[in-house]
Amino acid sequence: MSQKQALIVWGGWDGHQPEEVAGIFAGVLREEGYGVEVTDTLDSFRDEERLASIDLIVPVWTMGQIEKEQLTPLINAVKVGGTGIAGCHGGMGDSFRNEVEYQYMVGGQWVAHPGNDGVTYTVRMKDSEQPLTAGIGDFVVVSEKYYMHVDPAIKVHAVTDFDDVEMPVVWTKTYGAGKVYYNSLGHQANIVRMPETLELMRRGLLWATR
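What you see is a predicted model, and the numbers here were worked out from it, not measured in a lab.

## Digging into the packing of helix 1 (residues 18–31) against helix 7 (residues 195–208)
The description of two packed helices rests on the angle between their axes and on the distance between the axes. Between helix 1 and helix 7, the shortest axis-to-axis distance is 10 Å and the interhelical angle comes to 60°. As far as their axial angle goes, helix 7 and helix 1 are oblique. For the pair helix 1 and helix 7, the crossing hand works out as right-handed. Residues Ile24, Phe25, Val28 and Leu29 of helix 1 form the contact with helix 7, whose participating residues are Leu198, Met201, Arg202 and Leu205. For the contact of helix 1 with helix 7, the residue count by class is 7 nonpolar, no polar and 1 charged.

## So, the nonpolar core
Residues Ile8, Phe25, Leu29, Leu56, Val123, Phe139 and Leu205 are the most contacted members of the largest nonpolar core, which totals 38 residues. Element by element, the count of residues in this core is highest for helix 1, at 7 residues. In this view, Leu29 contacts Ala6, Ile8, Tyr34, Val36, Leu56, Val58 and Leu205; residues no more than four positions away in its chain are not counted. Judged by nonpolar contacts, the second largest core, of 30 residues, contains Ile54, Ile85, Ile154 and Trp171.

Here is what the cut-offs are and how they apply
As a convention, each chain's residues are numbered from 1 in the sequence order in which they are written. Per-residue local features are limited, in this predicted model, to residues with pLDDT of at least 70; the limit for side-chain atom pairs, both in listing and counting, is 80 or more; totals at the level of whole chains, interfaces and linings are taken over all residues. By convention in this description, side-chain values take in all heavy atoms of the structure and omit both hydrogens and water. Helix axes use the C-alpha atoms of the stretch in contact, all axes being lines fitted to C-alpha atoms, and the angles between their N-to-C directions lie in the range 0 to 180 degrees. Starting at the N terminus, helices and strands are each numbered in turn, a helix being any DSSP run of H or I of at least four residues and a strand any DSSP run of E of at least two. The labels follow the angle: roughly parallel below 35 degrees, roughly antiparallel above 145, roughly perpendicular from 65 to 115, and oblique for the rest. Left-handed is the label given to a crossing in which the near helix is rotated counterclockwise from the far helix by less than a right angle, and right-handed is the label when the rotation is clockwise. Two residues form a contact once any of their heavy atoms are found within 4.5 Å. Polar here means any residue other than Ala, Val, Leu, Ile, Met, Phe, Trp, Tyr, Cys and Pro, which are nonpolar, and Asp, Glu, Lys and Arg, which are charged; Gly is therefore polar. Definition used in this section: a nonpolar core is a set of buried Ala, Val, Leu, Ile, Met, Phe, Trp, Tyr and Cys residues joined via side-chain atoms within 4.5 Å. For every residue, the accessible area (1.4 Å probe, protein chains only) is compared with the maximum for its type, and the residue is labelled buried under 20%, exposed over 50%, or partly exposed between those bounds.

Here is the structure:
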């Protein structure tokens, strides 16, 4: 079997420590035997032929703007080519706020994090027998707690509670031929490194791979 190839693209708002988070994901994927390219430019998406050879794209890019010539090949790689896409927190769920098609691909968009950083909350697994969550169990996080606008077509794997609202934390979906994995945890590198978060991400990265 040929080696799976992953492209990690980091940048945007520095407060989410994108370079450090990208390095964590690169380490996870290399441990799983992937060939990994890590870049800090959205121009990495311009090369449609190159993207066609990629099995997994991991965006780590909060806010910012993306040009049509960068976004269109990315969209096509996932939707038409079947390349997987996976990511976390604002690095995927709060990217390119003006790009509705990107949000449609992701399956949701950040709206608010009441209380900002330092909120204590519980993440609950929706199905402890499902491969993406089996054996992880519910856990407590002290971090930002994301309130999201979400696509009703997503498959929810983990949630947290806002008063009487059950808010998705981890979800998957398909976008055309591609698979999409998202986890709203990961405000900074220390949260990504939490054993539960890291294991959820490891499984999600592998699951989304073409």
